[in-house]
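Fold and contact review
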Amino acid sequence: MFTLYRRDACLLCALAEALLGEAGVIYAVVDIESGAALEARYGTRIPVLARADGAELGWPFDAEALRVFVARTA
């Protein structure tokens, strides 16, 4: 399971979501504006893709970095 931390009206977040879609990655979305702790943790680092094991892949990432990150869950 993957989680994409993002916020609305974020161009980089939209680019990350397009890349995730192209790669066929299934993920949940968390809007960091939904809580002060999330805002404090992720602030300007978004978008950030997190794995269930707690590892995070921060932007910028490309298709190859995404593939490697996703493959480490297998």
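Residues numbered from 1 in each chain as written. Predicted model: local features only at pLDDT ≥ 70, side-chain atom pairs only at ≥ 80, totals over all residues. Heavy atoms only, no water.

Right, let's talk about the nonpolar core for a bit. Among the nonpolar cores identified, the biggest contains 11 residues, and these are F2, L4, A16, L19, L20, V25, L49, L57, F61, L66 and F69. Contributing elements (two or more residues each) for this core: β1 (2-6), α1 (11-23) and α3 (63-71). For this core, the leading source of residues is α1, giving 3 residues. Residues contacting F69, with those up to four places away along its chain left out, are F2, L49, A50, R51, A55, E56 and L57. Of all hydrophobic cores here, the second largest spans 8 residues; its members include C10, C13, I32 and I46. (Core = buried A, V, L, I, M, F, W, Y, C linked by side-chain atoms within 4.5 Å. Buried < 20%, exposed > 50% of the residue type's maximum accessible area, 1.4 Å probe, protein only. Helix = DSSP H or I, 4+ residues; strand = E, 2+ residues; numbered from the N terminus. Contact = heavy atoms within 4.5 Å.)

Moving on: unusual backbone geometry. Residue I46 is joined to P47 through a cis peptide bond whose omega torsion reads -5°. Tracing the sequence through the fold places P47 in the loop between α2 (36-42) and β3 (48-51). That bond from W59 to P60 is cis: its omega, 10°, falls within 30 degrees of zero. Positive phi values are uncommon outside glycine, yet A9 reaches one of about 60°. Tracing the backbone through its elements, the reader meets A9 in the loop between β1 and α1. When its relative accessible area of 86% is taken as the criterion, A9 is described as exposed.

Right, let's get into the pattern of salt bridges. Enumeration according to the criterion identifies 7 salt bridges in this entry. Ionic pairing is found between E39 and R7, a salt bridge with its closest N-O pair at 2.5 Å. In this pair, E39 is assigned in helix α2 and R7 in the loop between β1 and α1, connecting sequence segments 32 residues apart. Between R51 and D53 there is a salt bridge, and its shortest N-O distance comes to 3.1 Å. With relative accessibility at 11%, the residue R51 sits in the buried group. For D53, a relative accessible area of 55% gives the class exposed. What emerges from the salt-bridge pattern is a single network uniting R7, E33 and E39. (Salt bridge = Lys/Arg side-chain N within 4 Å of Asp/Glu carboxyl O.)

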